[in-house]
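So you can see what is in the structure, the chains are spelled out below.
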Amino acid sequence: MNVGYSLCFAALSFAVLTACNKVPDTAHNIEQSRITENAGIAAPIAKKIRHEMSIHGDTRVDNYYWMRDDARKNEAVIAHLTAENTYVDRTMAHTKALQDTLFNELKSRIEKDDNSVATKKGDYYYSSQTRGDDEYPIYVRSKSSDGNNQQVILDVNELAKEHDYFAVTGLEVSPNGHLLAYGEDTLSRRIYTIRVKDLVSGERLEDTIEGSEGDVVWANDNRTFYYIKKDPQTLLGYQVYRHTLGTPQADDELVYEEKDTRYYTSIGKSKDHQKIYIYHESTSASGVSVIDANDTGTLPKRFIEREPELEYSIKKHGDWYYIVTNLHAVNFQLMKVHQSQAHDKGHWQTVIAGRDNVKLEDIELFKNHLVYKEREMGQTRLTIRDLRNQNEQVIVFNDPTYMVDSYGNFELDNPRLRVYYSSMTTPDTHYDIDLISGEKTVLKQRNVLGDFTPSNYASERIYVTTRDGVDVPVSLVYRKDKFKKDGSNPLLQYGYGSYGATMDPRFSSSRLSLLDRGFVFAIAHIRGSQMLGRPWYEDGKLLHKKNTFNDFIDVTKSLVAQKYGDKERIFAMGGSAGGLLMGAVVNQAPELYSGVIAAVPFVDVVTTMLDTSLPLTTNEYDEWGNPNEKVFYDYMLSYSPYDQVKKQAYPHMLVTTGLHDSQVQYFEPAKWVAKLREYKTDNNLVLFKTDMEAGHGGASGRFKSLQDTALYYAFMLDLAGYQQ
């Protein structure tokens with residue numbers, strides 16, 4: 001599905017612009033603009049057209065439903081979004097110099113010429129490189145680890161030349177190393193066209209697969225691959241096809257179709273290259289189907305039959321499968337089974353038993369070693385187990401709070417484990433860890449240009465006791481010489497809290513622009529994530545969803561009470577489901593925040609979850625509930641940000657979206673902003689910016705997205721009284 005702001009001023013620092021600079025009334029659905037008292041400039045006020053929706057004996061009126069245009073071509077809608085963008089530009093014009101300063105600052109910390117750490121797969125070492133002012137990477141490979149005699153396999157800059165938006169995904173080389181398949185998206189709807197390039201001749205093959213997820217898994221014959229096709233309406237990937245090179249897409253064979261719309265579908269391959277996996281994942285259950293990678297005539301078989309509430313993933317090791325599962329273990333356990341008995345759970349053997357306070361998250365398998373990742377008290381750790389003698393060693397890191405994960409471990413006989421490590425004060429670091437000695441070798445640490453010195457910054461992990469007695473972890477970072485802990489620092493609090501997604505603390509070079517100006521940054525690890533294990537997630541979903549919002553609010557209150565932040569300069573930020581969090585928080589406790597940034601926010605919960613034609617609805621019933629059932633309808637309605645907008649003062653708000661967003665449709669935040677303007681009783685700003693070329697992930701390219709960050713930071717710094 002994978003991915004964070006009430007200031008009472010004596011004088012508001014937004015410049016007063018001339019009242020004659022009105023947004024043109026170019027659309028029939030835009031009423032005569034009014035002049036906002038605080039900014040002296042006209043805000044677009046959308047016309048209301050009554051639209052009734054009834055269910056369970058309850059009728060809701062949505063006066064802004066007209067903003068929905070699935071084709072994204074309605075002139076009135078486009079004109080309204082354009083007017084909103086113009087309003088943002090004019091209202092924020094006095095911060096243009098600050099935005100330029102921030103953009104150049106953010107960009108200046110990034111090495112223009114940079115290479116990723118190579119990972120070995122088959123006969124080659126693969127890596128990427130960026131050069132100069134290029135927005136996109138160049139993918140290369142070499143037969144030696146030192147990178148000599150590199151071959152360029154894909155230059156994304158060349159492919160992107162004619163497009164305002166461009167993204168590639170799923171680069172996958174055939175087993176013999178001769179062919180490269182990849183997906184490209186030029187609209188940001190995450191609907192990919194698969195292309196195939198001959199790496200020997202450099203020519204692109206005629207094979208073209210439309211309407212896909214973008215990922216490819218090659219069969220071992222080097223001429224067949226599997227891919228997932230999307231439903232053009234719901235955008236769910238639900239069909240797995242087998243394609244033979246040189247044949248038209250119309251002739252491709254359907255090998256699997258997901259009939260249950262609660263499930264997402266993805267594909268992969270075993271590390272020994274013998275099995276192709278089709279993964280089935282819903283919010284509360286998962287499963288795997290298996291295909292013989294050597295037989296292009298075979299059909300997938302279930303590893304075991306799917307069961308409600310049963311989750312598992314598999315990895316193959318010789319004749320055995322290792323299984324991470326919640327079978328009889330709420331925080332998951334590791335089991336194994338011989339492939340001849342895999343379909344019978346009665347033969348599954350416990351390798352690492354489940355524990356109440358420790359969550360097993362993932363494993364990596366090598367010829368003689370097992371590496372497993374656990375989370376305890378919110379912190380992850382890696383342990384290496386020698387499968388020959390069962391001896392173990394825990395990999396130790398020094399930061400008080402950090403994130404660590406393995407990646408690029410494609411070879412079973414590799415003697416080293418590749419990991420990525422980061423903390424809020426330590427830039428991204430790549431290690432190779434010797435599986436026998438445990439010795440860590442630094443392969444690369446991200447070079448942060450400028451005057452960055454890690455020792456100038458400090459991070460903390462604290463716990464905040466909430467209204468129902470639960471202790472919520474909070475990760476904090478600040479610049480030591482700017483932080484006083486006397487309640488005088490501006491503070492930005494970020495949160496997400498849905499889908500069990502855990503936002504581990506990691507380094508951000510962009511964030512330095514706030515820290516160096518005296519901001520404290522906090523991540524509230526609220527319920528709805530899995531920071532404290534699977535029960536932490538269960539206690540923040542469905543009919544417990546309000547715990548997510550209450551946790552965030554209680555963390556804010558505690559951080560102010562503990563003098564981490566100035567109560568008049570507290571900011572909050574969240575995106576997507578974190579935007580839902582922002583919407584709920586500003587309805588419940590708007591007085592706590594000076595400004596709030598809601599990026600691509602999911603705010604019209606009830607209407608969206610009642611509409612099965614929209615992407616990501618039916619397969620998320622297990623996360624939010626099915627509002628066709630009255631108990632869930634009533635509960636959703638009680639917190640849905642759009643439905644709960646009321647006549648009260650709201651903080652300054654900056655809301656963003658992408659016209660082509662495939663996850664949260666643009667009209668959700670568009671309607672929300674219109675309703676906020678209608679109901680709010682204050683003179684604070686509500687700004688709404690739509691990227692007309694992008695989708696859920698924002699602008700493509702490594703530098704373009706920094707313009708959005710500069711806008712976010714200028715919005716907060718301006719409200720915080722920062723003088724350029």
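The rules we used
- Residues numbered from 1 in each chain as written.
- Predicted model: local features only at pLDDT ≥ 70, side-chain atom pairs only at ≥ 80, totals over all residues.
- Heavy atoms only, no water.
- Helix = DSSP H or I, 4+ residues; strand = E, 2+ residues; numbered from the N terminus.
- Buried < 20%, exposed > 50% of the residue type's maximum accessible area, 1.4 Å probe, protein only.
- Areas by Shrake-Rupley, 256 points an atom, 1.4 Å probe, with all protein chains shown as cover.
- Pairing = 2+ DSSP bridges.
- Axes fitted to C-alpha atoms, helices over the stretch in contact; angles between N-to-C directions.
- Right-handed = clockwise from strand over helix to strand, strands pointing away.
- Expected span 1.5 Å × (residues − 1).
- Contact = heavy atoms within 4.5 Å.
- Polar contact = N/O pair within 3.5 Å; in protein donor to acceptor, adjacent residues only side chain to side chain.
- Core = buried A, V, L, I, M, F, W, Y, C linked by side-chain atoms within 4.5 Å.
- Parallel < 35°, antiparallel > 145°, perpendicular 65-115°, else oblique.
- Left-handed = near helix turned anticlockwise from the far one by under 90°.
- Nonpolar A, V, L, I, M, F, W, Y, C, P; charged D, E, K, R; others polar.
- Phe/Tyr/Trp six-rings, centres within 6.5 Å; stacked < 30°, edge-to-face > 60°.
- Lys NZ or Arg CZ within 6 Å of the ring centre and 35° of its normal.
- pLDDT = per-residue confidence, 0-100.

Student: Quick rundown of the overall build of the chain? Include the residues and the values.
Tutor: Within the chain, the regular secondary structure consists of twelve helices and 40 strands. Looking at the chain as a whole, 58% of its 724 residues qualify as buried. Element-wise, carbon and sulfur atoms account for 47% of the exposed surface of the chain, whose accessible area totals about 28700 Å².

Student: Before we move on, could you go through the sheet that holds strand β28 (residues 392-395) and cite the residues and values that matter?
Tutor: Neighbouring strands of a sheet are bound in pairs by backbone hydrogen bonds; such pairs are parallel or else antiparallel. Here four strands make up an open sheet; going across it, the order is β25-β26-β27-β28 and the pairing antiparallel. Bordering the open sheet on either side are β25 (358-365) and β28, each of which pairs with just one other strand. Going across the sheet, the axis of each strand differs from the next one's by a mean of 25°, ignoring polarity. Here β25 runs beside strand β26 (residues 369-376); their pairing, made up of seven bridges, is antiparallel.

Student: Tell me about the pairing of strand β37 (residues 570-575), and name the residues and values.
Tutor: Within β37, six of the six residues are buried, which leaves the element mostly enclosed by the surrounding structure. Alternating positions in β37 separate into two faces, I570, A572 and G574 on one and F571, M573 and G575 on the other, with burial throughout. Bridge count for strand β35 (residues 491-494) against β37 is four bridges, and the pairing is parallel. Residue pairing across strands places L491 opposite I570, the latter belonging to β37. Sheet analysis places β37 next to strand β38 (residues 595-599), joined by five bridges and oriented parallel. In the sheet register, G575 faces β38, and the bridge partner there is A599. Once the chain exits β37 it traverses helix α7 (residues 577-588) before rejoining the sheet at β38, and the crossover so formed is right-handed.

Student: Pulling in residues and values, what's your account of helix α1 (residues 75-91)?
Tutor: Across its 17 residues, α1 extends 24 Å between first and last C-alpha, which sits within 8% of the 24 Å expected from 1.5 Å per residue. Listed as buried for α1 are A76, V77, A79, H80, L81, A83, E84, N85, Y87, V88 and T91. Residues of α1 that are buried sit in contact with β2 (42-43), α11 (667-679) and β40 (686-691). Where α1 begins, one side-chain oxygen reaches toward the backbone nitrogen of A76, 2.9 Å away; that side chain belongs to N74.

Student: Can you break down the side chain of S475 residue by residue, with the values?
Tutor: Within the secondary structure, S475 is located in strand β34 (residues 471-479). By relative accessible area, S475 is classed as buried at 0%. Within the structure, S475 has its side chain in polar contact with the side chain of H525 (distance 2.7 Å). If near-sequence neighbours (up to four positions away) are discounted, S475 is found in contact with T401, M424, E460, R461, P505, F521, A522, I523 and H525.

Student: Explain the sheet that holds strand β12 (residues 192-198) to me, using residue names and the numbers behind them.
Tutor: Spatially, seven strands are ordered β10-β11-β12-β13-β14-β15-β16 in an open sheet, and the strand pairing comes out antiparallel. Where the open sheet ends on each side, the last strands, each with one partner, are β10 (167-173) and β16 (253-257). Ignoring which end each strand starts from, the neighbouring axes of this sheet average 35° apart. The sheet contact formed by β10 and strand β11 (residues 179-185) spans five bridges and is antiparallel.

Student: Explain unusual backbone geometry residue by residue, including any values.
Tutor: Despite not being glycine, L542 shows a phi value in the positive range, around 50°. Mapped onto the elements, L542 comes out in the loop between α5 (534-538) and α6 (546-561). Of the residues examined, L542 reaches a relative accessible area of 25% and is grouped as partly exposed.

Student: Can you explain the nonpolar core? Please cite residues and give values.
Tutor: Core analysis: the largest hydrophobic core is formed by 115 residues, its most contacted members being F552, Y593, W672 and M716. Here this core gets ten residues from one element, more than from any other, and that element is helix α12 (residues 704-719).

Student: Tell me about the pairing of strand β19 (residues 286-292), and name the residues and values.
Tutor: Within β19, six of the seven residues are buried, leaving the element largely enclosed by the surrounding structure. Looking at chain direction, strand β18 (residues 275-281) and β19 are connected through seven bridges and run antiparallel. Paired with H280 across the two strands is G287, which belongs to β19. Pairing analysis gives two bridges linking β19 to strand β20 (residues 301-302), with the strands arranged antiparallel. Residue pairing in the sheet places V290 in a bridge with K301 of β20.

Student: Any chance you could break down the packing of α6 against α7 for me, citing the residues and the numbers?
Tutor: At a minimum axis separation of 9 Å, α6 and α7 run at an interaxial angle of 65°. Taken together, the axes of α6 and α7 lie roughly perpendicular to each other. The interaxial crossing formed by α6 with α7 has right-handed handedness. Contacts between α6 and α7 involve T548, F549, N550, F552 and I553 on the former and, on the latter, L580, L581, M582, A584, V585 and Q588.

Student: Hey, could you go over the packing of helix α2 (residues 96-108) against α12 for me, with residue numbers and the actual values?
Tutor: For the pair α2 and α12, interaxial distance at closest approach is 8 Å and the crossing angle is 130°. Between α2 and α12, the angle is such that the two are oblique. Relative to α12, the crossing made by α2 is right-handed. Of the residues in α12, those in contact with L98, Q99, L102, F103, L106 and K107 of α2 are L706, Q707, T709, A710, L711, Y713, A714 and L717. Tallied by class, residues from the contact of α2 with α12 come to ten nonpolar, three polar and one charged.

Student: Which residues make up the side chain of N587, and what are the values?
Tutor: Along the polypeptide, N587 turns up in helix α7. Apart from the residues lying within four places of it in its own chain, the contact partners of N587 are S640, P641, Q644, V645, K646, Q648 and Y650.

Student: Please provide a residue-by-residue account of the environment of G533, values included.
Tutor: Position of G533 relative to the elements: it lies in the loop between β36 (520-524) and α5. Along the backbone, G533 and E376 are 157 residues apart, and their C-alpha atoms lie at a distance of 7.7 Å. Once you skip the residues sitting within four places of it in the chain, G533 turns out to touch N331 and K359.

Student: Just give me the short version of the packing of aromatic side chains, but keep the residues and values in it.
Tutor: Following the criterion strictly, the structure yields 25 aromatic pairs and no others. Grouping aromatic residues by their ring pairs yields a cluster made of W218, F225, Y227 and Y241. For the cation-ring pair, K120 lies above Y125, with the distance from its terminal atom to the ring centre recorded as 6.0 Å.

Student: Describe helix α10 (residues 630-639), naming the residues involved and giving the relevant values.
Tutor: Those residues of α10 not exposed but buried are F632, Y633, Y635, M636, L637 and Y639. Among the structural elements, β3 (52-55), β4 (58-61), α6, α7, α8 (605-609) and α9 (621-624) are those in contact with the buried residues of α10.

Student: I'd like a rundown of the confidence of the model for the chain, residues and numbers included.
Tutor: Looking at the chain as a whole, the pLDDT averages 91, with 93% of positions reaching at least 70. This stretch, residues 1-39, has a pLDDT under 50; its non-local contacts, to residues over four places away or in other chains, come to 123 contacts.

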